[in-house]
Amino acid sequence: MDLLNSGLKEISDAVKSKKISALEATKFFLNRIDKLNPQLNAYIAVSVDAEKEAKAIDEKVAKGGDAGLLAGVPFGIKDMLCTKGLRTTAGSKILENFIPPYDATVVKRLRDAGVVVLGKLNNDEFAMGSSNETSYYGPVKNPWNPEYVPGGSSGGSAAAQAAKLAAGTIGTDTGGSIRQPANFCGIVGIKPTYGRVSRYGIVAYASSLDQAGPMVSTVEDAALTLEVICGKDPMDSTTAQKSVPAFSKNLKADVKGLKIGLIKEYMQSGLDPDVQKTLDNAITELKKLGAEFVDVEIPLTEMSVPVYYLIATSEASSNLARYDGVKYGFRAHKENQMSVTLEDFYSETRGAGFGTEVKRRIMLGTYCLSSGYYDAYYNKSCQVRRLLRQQFLDAFKKCDVLLAPVTATPAFKIGTRVTDPLKMYLNDIFTTSTNLAGLPGMSVPFGKSKDGLPIGLQLTAPHFEEQRILNVGLAMQQVSPVKGDKPHVI
Amino acid sequence: MIDRKMTEHIATLARLKVSDQDLEQFSQQFTQILKYFEQISKVDTTNVEPLVTPTDIEAFWREDSVNQEFTAEEMTANAPLKSGNLFKVPPVV
Amino acid sequence: MSSRGYEAVIGIEVHVQLKTKSKIFSADSTIFDSADNENTSPISVGMPGSLPVLNEKAVEYSVKTGLALNCSIRNNSVFARKNYFYPDLPKGYQISQYDKPICENGWVTFKVNGEEKKISITRAHMEEDAGKSIHQGEYTLLNYNRAGIPLLEVVSGPDMRSAAEAAEYCRTIRQIVRYVDVCDGNLEEGSLRCDCNVSVRKIGAEKLGTKVELKNINSFRFVEKAIEYEIDRQIDAVERGEKIIQETRLYDPDKNRTFTMRTKEDAQDYRYFPDPDLLPITIPEKLIQKVRAELPELPQARSTRYQKDHGLSENDAHILTEERELADFYEQTGDACKNYKSAANWIMTEFLRELNDDKKTISQVVFKAADLGQLISLIDKGTISGKIAKTIFQEMWKSGKKPEVIMTEQNLVQISDSSAIEKIVDDIIAANPGPAAEYKAGKVKAFGFFVGQVMKASKGQANPDVVTKILTEKLK
Ligand SMILES: [Mg+2]
Ligand SMILES: [Zn+2]
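Quick caveat, the model's predicted, so the values are computed rather than measured.

*Asks:* Give me the lowdown on the overall build of chain C, citing residues and values where you can.
*Replies:* For chain C, the count of helices and strands is 15 helices and 16 strands. Here the C-alpha atoms of chain C give a radius of gyration of 30 Å, more than 25% beyond the 23 Å that 2.2 N^0.38 yields for 476 residues. Expressed along its principal axes, the backbone C-alpha trace of chain C runs to roughly 95 × 55 × 50 Å. For chain C, contacts bridging at least 24 residues in sequence account for 69% of all contacts bridging at least 6. With the model as given, the accessible surface of chain C reaches about 20800 Å², and the carbon-plus-sulfur share is 52%. Taking the 66 positively charged and 71 negatively charged side chains of chain C as two groups, their mean positions are separated by 2 Å.

*Asks:* I'd like a rundown of the overall build of chain A, residues and numbers included.
*Replies:* Helix and strand content of chain A: 16 helices and 11 strands. Radius of gyration (C-alpha) of chain A: 21 Å, near the 23 Å computed for a compact globule of 490 residues. Dimensions of chain A along its principal axes, counting C-alpha atoms only, are 70 × 60 × 45 Å. Across the 490 residues that make up chain A, the buried fraction comes to 70%.

*Asks:* How would you explain the coordination of the magnesium ion (ligand 1) if you had to name every residue and give the values?
*Replies:* Residues and elements named next belong to chain C. Around the magnesium ion (ligand 1), the donor atoms from the protein are E13 (OE) and E153 (OE), and they sit 2.4 to 2.6 Å away. The distance between the magnesium ion (ligand 1) and the zinc ion (ligand 2) comes to 3.9 Å, with E153 serving as a donor to both metals. On the criterion of sequence distance, the pair formed by E13 in strand β1 (residues 6-17) and E153 in strand β10 (residues 150-156) is long-range, its members being 140 residues apart. Looking at E153, the relative accessible area reads 9%, which means it is buried.

*Asks:* Explain the pattern of salt bridges residue by residue, including any values.
*Replies:* All names here are of chain C. Counted under the stated rule, the structure contains 63 salt bridges over all chains. The salt bridge partner of D28 is K23, with a shortest N-O separation of 3.5 Å. Exposure remark for K23: the relative accessible area of 0% places this residue in the buried category. Among the ionic contacts, a cluster of salt bridges with common partners joins E297, R302, R305, D328 and E331.

*Asks:* Tell me about the environment of R15 of chain B, and please be specific about residues and values.
*Replies:* Within the element layout of this structure, R15 of chain B appears in the loop between α1 (4-13) and α2 (20-37). Note on R15 of chain B: relative accessible area 18%, which makes it buried. Not counting residues within four places of it along the chain, the set of residues in contact with R15 of chain B comprises E343, Y346, S347 and R350 of chain A together with F85 of chain C.

*Asks:* Describe the interface of chain B and chain A, and please don't skip the residues or the numbers.
*Replies:* Counting residues at the interface gives 54 residues for chain B, matched by 79 residues for chain A. A salt bridge links D56 of chain B to R389 of chain A; the shortest N-O distance between them is 3.4 Å. The interface formed by chain B and chain A holds 20 residue pairs in polar contact (both at pLDDT 80 or more) in total. When residues of the side of chain B that touches chain A are traced back to their parent elements, those giving at least two are α1, α2, α3 (72-76) and β2 (86-89) of chain B. The element contributing the most residues to the side of chain B that touches chain A is α2 of chain B, with 8 residues. For the side of chain B that touches chain A, the residue count by class is 34 nonpolar, 10 polar and 10 charged.

*Asks:* Explain the state of the cysteines to me, and be specific about the residues and the numbers.
*Replies:* Following the criterion strictly, the structure yields 0 disulfides over all chains and no others. In this structure C71 of chain C is not part of a disulfide, and its nearest cysteine sulfur, from C103 of chain C, lies 5.2 Å away.

*Asks:* Which residues make up the packing of α1 of chain B against α2 of chain B, and what values go with them?
*Replies:* Two packed helices can be described by the angle between their axes and the distance between those axes. Residues and elements named next belong to chain B. Two numbers describe how α1 lies on α2: the axes approach to 9 Å, and their chain directions differ by 110 degrees. By the angle class used here, α1 and α2 are roughly perpendicular. Contacts from R4, T7 and E8 of α1 reach α2 at D20, L23, E24, F26, S27 and F30. Along the lines of polarity and charge, the residues of the contact of α1 with α2 split into 3 nonpolar, 2 polar and 4 charged.

*Asks:* Could you give an account of the pairing of strand β4 (residues 168-173) of chain A, naming the residues involved and the relevant values?
*Replies:* All names here are of chain A. Of all 6 residues that make up β4, 6 are buried, and the element is covered over most of its length. Sheet analysis places strand β2 (residues 74-78) next to β4, joined by 3 bridges and oriented parallel. Its bridge partner lying in β4, I77 is registered against I170. As paired elements, β4 and strand β6 (residues 211-216) share 5 bridges and run antiparallel to each other.

*Asks:* So, the coordination of the zinc ion (ligand 2): which residues are in play, and what are the values?
*Replies:* Protein coordination of the zinc ion (ligand 2) is provided by H15 of chain C (NE2), E127 of chain C (OE) and E153 of chain C (OE), with donor distances spanning 1.9 to 2.1 Å. Written as a sequence motif, the donor arrangement for the zinc ion (ligand 2) is H-x111-E-x25-E.

*Asks:* I'd like to hear about the nonpolar core, residue by residue, with values.
*Replies:* As a rule of thumb, nonpolar side chains are buried together in soluble globular proteins. Ranked by internal contacts, the top residues of the largest apolar core, which has 200 residues, are L70, F126, L403 and L470 of chain A together with F37 of chain B. If sequence neighbours within four positions are ignored, L470 of chain A has contacts with I190, V219, A222, A223, L226, F247, L251 and M442 of chain A. Formed by 108 residues, the second largest nonpolar core is a distinct cluster that contains F79, I119, M160 and A163 of chain C.

*Asks:* Before we move on, could you go through helix α2 (residues 163-179) of chain C and cite the residues and values that matter?
*Replies:* Residue and element names in this part refer to chain C. Over its 17 residues, α2 extends 24 Å from the first C-alpha to the last, a length consistent with the 24 Å expected when each residue adds 1.5 Å. Within α2, 13 of the 17 residues are buried, leaving the element largely enclosed by the surrounding structure. The positive-phi residue at the C-terminal boundary of α2 is D181, with phi of around 60 degrees.

*Asks:* Please give an account of the sheet that holds β10 of chain C that cites residues and values.
*Replies:* Residue and element names in this part refer to chain C. Pairing is mixed across the open sheet formed by 9 strands, whose spatial order is β2-β6-β7-β10-β1-β11-β12-β13-β14. The two strands at the open ends of the sheet, each matched to only one other strand, are β2 (72-73) and β14 (257-260). Packing against the sheet, helix α3 (residues 220-239) makes contact with β1, β11 (192-202), β12 (212-217), β13 (248-252) and β14, and its axis sits at approximately 25 degrees to β11.

*Asks:* Go over the environment of I376 of chain C with me, naming the residues and quoting the values.
*Replies:* All names here are of chain C. By secondary structure assignment, the location of I376 is in helix α9 (residues 369-380). Overall, I376 belongs to the buried group, its relative accessible area being 0%. When sequence neighbours within four positions are dropped, the list of residues in contact with I376 reads T333, C337, N339, S342, A343 and W346.

*Asks:* I'd like a description of unusual backbone geometry, backed by residues and values.
*Replies:* All names here are of chain A. Here the bond from G152 into S153 is cis, since omega is 10 degrees, no more than 30 degrees from zero. Within the element layout of this structure, S153 appears in the loop between β3 (116-121) and α5 (155-162). The phi dihedral of F126 falls on the positive side, at around 50 degrees, and the residue is not glycine. For F126, a relative accessible area of 0% translates into the label buried.

*Asks:* Explain helix α5 (residues 299-309) of chain C to me, using residue names and the numbers behind them.
*Replies:* All names here are of chain C. Turning to α5, its buried residues number three or more, namely P299, R302, S303 and Y306. Relative to the axis of α5, the buried residues are bounded by an arc of 100 degrees and lie together on one face. Packed against the buried residues of α5 are α2, α6 (314-320) and α7 (324-337). Remark: G311 follows α5 within two positions and exhibits a positive phi of approximately 70 degrees.

*Asks:* Lay out the pairing of β10 of chain C in plain terms, naming residues and giving numbers.
*Replies:* All names here are of chain C. A large share of β10 lies buried, amounting to 7 of its 7 residues. With burial as the criterion, each face of β10 is covered, one bearing P150, L152, V154 and S156 and the other bearing L151, E153 and V155. Across 5 bridges, the pairing between β1 and β10 is antiparallel. Paired with V16 across the strands is L152, a residue of β10. Examined bridge by bridge, strand β7 (residues 115-128) and β10 share 7 bridges and lie antiparallel to one another. Bridge pairing links I121 to S156 in β10.

Scoring rules and cut-offs
- Residues numbered from 1 in each chain as written.
- Chains lettered and ligands numbered in written order.
- Predicted model: local features only at pLDDT ≥ 70, side-chain atom pairs only at ≥ 80, totals over all residues.
- Heavy atoms only, no water.
- Helix = DSSP H or I, 4+ residues; strand = E, 2+ residues; numbered from the N terminus.
- Rg over C-alpha atoms; globule rule 2.2 N^0.38 Å.
- Contact = heavy atoms within 4.5 Å.
- Areas by Shrake-Rupley, 256 points an atom, 1.4 Å probe, with all protein chains shown as cover.
- Lys, Arg positive; Asp, Glu negative; His and termini not counted.
- Charge placed at Lys NZ, Arg CZ, Asp CG, Glu CD.
- Buried < 20%, exposed > 50% of the residue type's maximum accessible area, 1.4 Å probe, protein only.
- Donors = N, O, S within 2.8 Å, 3.2 Å for Na, K, Ca; no water.
- Salt bridge = Lys/Arg side-chain N within 4 Å of Asp/Glu carboxyl O.
- Polar contact = N/O pair within 3.5 Å; in protein donor to acceptor, adjacent residues only side chain to side chain.
- Nonpolar A, V, L, I, M, F, W, Y, C, P; charged D, E, K, R; others polar.
- Disulfide = S-S within 2.5 Å.
- Axes fitted to C-alpha atoms, helices over the stretch in contact; angles between N-to-C directions.
- Parallel < 35°, antiparallel > 145°, perpendicular 65-115°, else oblique.
- Pairing = 2+ DSSP bridges.
- Core = buried A, V, L, I, M, F, W, Y, C linked by side-chain atoms within 4.5 Å.
- Expected span 1.5 Å × (residues − 1).
- Arc of directions from axis to C-beta.

As structure tokens, this is what we get:
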């Protein structure tokens, strides 16, 4: 069986029909990790229990039990999701030795569906970044060209999926952290509607923006994985009670008569010529398939970067207050307990435990919430957020989905942007508004830069309408000029 | 303008020991970033309710029932310093 | 009103620990004395990725208490994060409420030295309790069993003017939370905590003086003493021309003085913001009506009813309505025998004495209120005397038997028919010619001797009125 090019359903069916064992599939990917990870640094930790879990799936199959929708499918999990007994670091020194006593709901649902957890994928520290250069465990390299960034903060997931160091991976997206790296690495990545997927057990960056989602090779795989991880969770008050559609069964590449909106504001800021070409190709192809295009205006998308960073850093400054060296993780003072004051104990632990970008965002957020500035920054941003969300809802009165580039440029070289934070933040100009409005968004590969780096396009749908972007995504995948392209590392 | 004194105050509020060099850099970066972010003040938000949760989600509450899933050992297993099943920190008034 | 030309201005924050079975945002148990960190989970220890889910019973108890405090209930209240660093706060923030609390604008009334006082309740909000620090000299140990237990923080207006009022206010809050059965109101165990904000100003001055917070005072007596001390301390300081510093002070009951906690309490910037992990608490009118309907009759109203309908004195009505369980027991006793005054007496004397001697709670009393009512009816019907009733009561207290059963078993029925008593009188007079002669010669006191003798001979069963009547005739 050609595990490199098999979809998740094929692997699962093969395992269930004993054409291949879960152990074989797992070993196949573990070997690829041994071979390629040193180059790419996509994994922070590989699970020593992977083979044991695979054998348990094979035993279940042998006994004729229902081994699940993803039986024996090996997955890589972004290191922002707690995995019971398997070290979870959030890409930070401050959680260097943290072994969670519990699984995130997403991980539990994957395991219940028969998934084998291969290990934990590298990410920007506390998911704060868009180039995977801030991880305490080193940067991740883009499999298409190791001098380039894989994108972030789910850089490890994107790189691992592109280089096939797993059959499927999970990432998280707060301001584009699934869609942007998926676009830079030429894979499919979808951020669900806010509230579709449980955040229980996922290290929090910004609670009102974070969502976990699949980062896989095909739209079919994305649909199947979404079915497994979506749905209400009694452990997360912000999950929706809406029933979860059978995304994979309802997949249909028919776009005839579908109205696709192009966001005027996204077209004005100078796009890289290759990105522009990719977009134009997609428009041409989709028109051929019977889709209609309409221009829509969402003026406040121009404010999405400031609004996003003011809200996200405010929430993060509070969400990261728990990292204090008391209950778990890194602690600055182990020995001379007596001498240190409580304030120094906290400040030294956190000062040494967090990287620079995390400290920068915590401080920016602390400032936004501090007395005298709350109204001008945090509260004002929440008001603008409501107006931005309404503008999206108005746009969806004129179209069914939105098509847009994910980033203005293809992947950039490692080290070229990390020095200027504002420049880095502006990377997210096309992705942050989707999180602010709580909408589902997906990146699908559709082009390539002159340097051979992948370029994807972003589809956005109204709340809880993931099926629409999966269907359009499937249509695009079938006609994509880069269909079947693979990085040389494979 | 986020001067050095304000940056120091924020670092204290956030309990973050920051080197002098970082303090200097953060102070400049915050000034640059916040100058760019000032543009949100141009948006007219008169009687617009702030939005926290971006999707319409039906609230649900939990029944008042006990479900003790974890032991004290598991909850203190990751403690950097402990005595028995109690977390240990420098003396506090 | 304090003399020395100054007026004390006191406001009180009472933290009421709501007696739910599980914590406010997690399913950990709230049982009081468990092993170290036994009642914890990733949520209450603040582990990465943990999220809060609201306990519905905490909302119900908060609405119930708010209604009992005459508050209006906000249909859409919001949880906010109060951000500060302290080891007993696992998440680095406390989930509390800020500008949209669940209860607002209530009031309570009570009497202090006979004068009725009405104190406003500015607000009452839901929040989670912090853990407990155990200080061991060179280090501090943390137990998070209490972290996450639901609290209702009741904030009064700055309406109190004396230490006595402050103490009575706290007692009233305790009584009400016990009445509506949301908290056991145990100051010592900390299920009820009073923090007093005290300032002084010259009488007639508009501006309030600087507020000093007195924390963790765990008895009502100490509340009064601590505030009395603090008022004098502040007046002395003001008269010495010193400025009062805004600080938190603790009360040392042994030295009967307050002392500063010296924590760098620069006005804390808690950076409140709505908690994005929780949706607003929408409370439908239907729920408020349901809880209102289930509210028990509150002490104030019950005491007034007892005075009006049962003719009790204000003092007796106040004692009997102090605790809801006692009021229920009294009322059931009264209903059984329809003699409320007598029921009141029995409860306030015999019943409460036995209860306090044995340190029992009412639920541990082995007989029913109706049984005590029956005992009173036996007296009213003349079947037994008051004295016999006391003997029966002792037996009831021990064995829990019905009064009639005890009466027949120990044949304590009162003899009232005169022929039987006449016979006993004749025997006694015949056996004591001396005293009989003395009485007839005018020594009135001897009469008591004869009454005693007849009662003894009849083992206390003879009806005293009948005995006196026959003796006076026989000894004429
Ligand atoms: Mg308070
Ligand atoms: Zn409080």
